[in-house]
Amino acid sequence: MSTIADLEGQLLSAMRSHDTVALDRLLADDRHITKAWDLAEHASGRMTIADLVPSEQVIRELPKAAIVSVRLYIRGTYEQVPFEGHIRYTRFWMLRERRWQVVGGHSSVVA
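Given the structure is predicted, the values throughout are model-derived calculations rather than measurements. (Residues numbered from 1 in each chain as written. Predicted model: local features only at pLDDT ≥ 70, side-chain atom pairs only at ≥ 80, totals over all residues. Heavy atoms only, no water.)

## Quick word on the overall build of the chain
Right, so step 1: Within the chain one finds 3 helices and 4 strands.
Right, so step 2: Listed N to C, the secondary structure of the chain is α-α-α-β-β-β-β in terms of helices and strands.
Right, so step 3: The C-alpha radius of gyration of the chain comes to 14 Å, within 12% of the 13 Å expected for a compact globule of 111 residues.
Right, so step 4: Burial analysis of the chain (111 residues in total) assigns 34% to the buried set.
Right, so step 5: A total accessible area of about 6,700 Å² is found for the chain, and carbon and sulfur atoms account for 55% of it.
Right, so step 6: In the chain, 14 positive and 14 negative side-chain charges are present, and the distance between their average locations comes to 4 Å. (Helix = DSSP H or I, 4+ residues; strand = E, 2+ residues; numbered from the N terminus. Rg over C-alpha atoms; globule rule 2.2 N^0.38 Å. Buried < 20%, exposed > 50% of the residue type's maximum accessible area, 1.4 Å probe, protein only. Areas by Shrake-Rupley, 256 points an atom, 1.4 Å probe, with all protein chains shown as cover. Lys, Arg positive; Asp, Glu negative; His and termini not counted. Charge placed at Lys NZ, Arg CZ, Asp CG, Glu CD.)

## Re the sheet that holds strand β1 (residues 47-61)
Right, so step 1: Here we have 4 strands laid out as an open sheet, ordered β1-β2-β3-β4, and antiparallel in their pairing. Pairing within the sheet leaves two strands with one partner each, and these edge strands are β1 and β4 (99-110). Strand-to-strand twist across the sheet, computed as the mean angle between neighbouring axes with direction ignored, equals 25°.
Right, so step 2: Here strand β2 (residues 65-78) pairs with strand β3 (residues 81-96) via 14 bridges, running antiparallel. Considered in β3, the bridge of G76 is made with F83.
Right, so step 3: Each of β1, β2, β3 and β4 touches helix α1 (residues 4-17); the most contacted strand, β1, lies at about 165° to it. (Pairing = 2+ DSSP bridges. Axes fitted to C-alpha atoms, helices over the stretch in contact; angles between N-to-C directions. Contact = heavy atoms within 4.5 Å.)

## Regarding the pairing of β4
Right, so step 1: Pairing between β3 and β4: 11 bridges, direction antiparallel. Within β4, the position partnered with Y89 by the bridge is S107.
Right, so step 2: The antiparallel hairpin formed by β3 and β4 contains 2 residues in its connecting segment, where E97 sits at a positive phi of about 50°.

Here it is, written out as C-alpha cells:
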C-alpha cells in the first residue's frame, strides 16, 4: 500500500498533468467541493499548471486517516489569465475499503 507521502506526490502529478483518471482514483466522491466539479475543471482546459512545487510538508498519519499540511508554489493560467503564488493546503485523507482518498481540504494564500 502506498504511503501518504507517495499519494501526495501522485496527487500533485495528476494535478500538473490534468490526469483525470488518477484524480478520480485519489479524490473521494463525497467531498464538499464535488469530485465531478474538480475533474471537470481539470478536463476543461480552462486551467493550466506550469509549476506546482511543494515545500514545508507535514504529514500526520492516524490509523485510518491522515492530515497533510503543505505549502505549494503554483504558477499557471485560469481562463488564460496568469496566476502565481504560494498557497498553504491542508488535506484530509481517509482509508476506505483499503484505499486512501482525499475527503476534504482547505487552502489559503500565503503572503
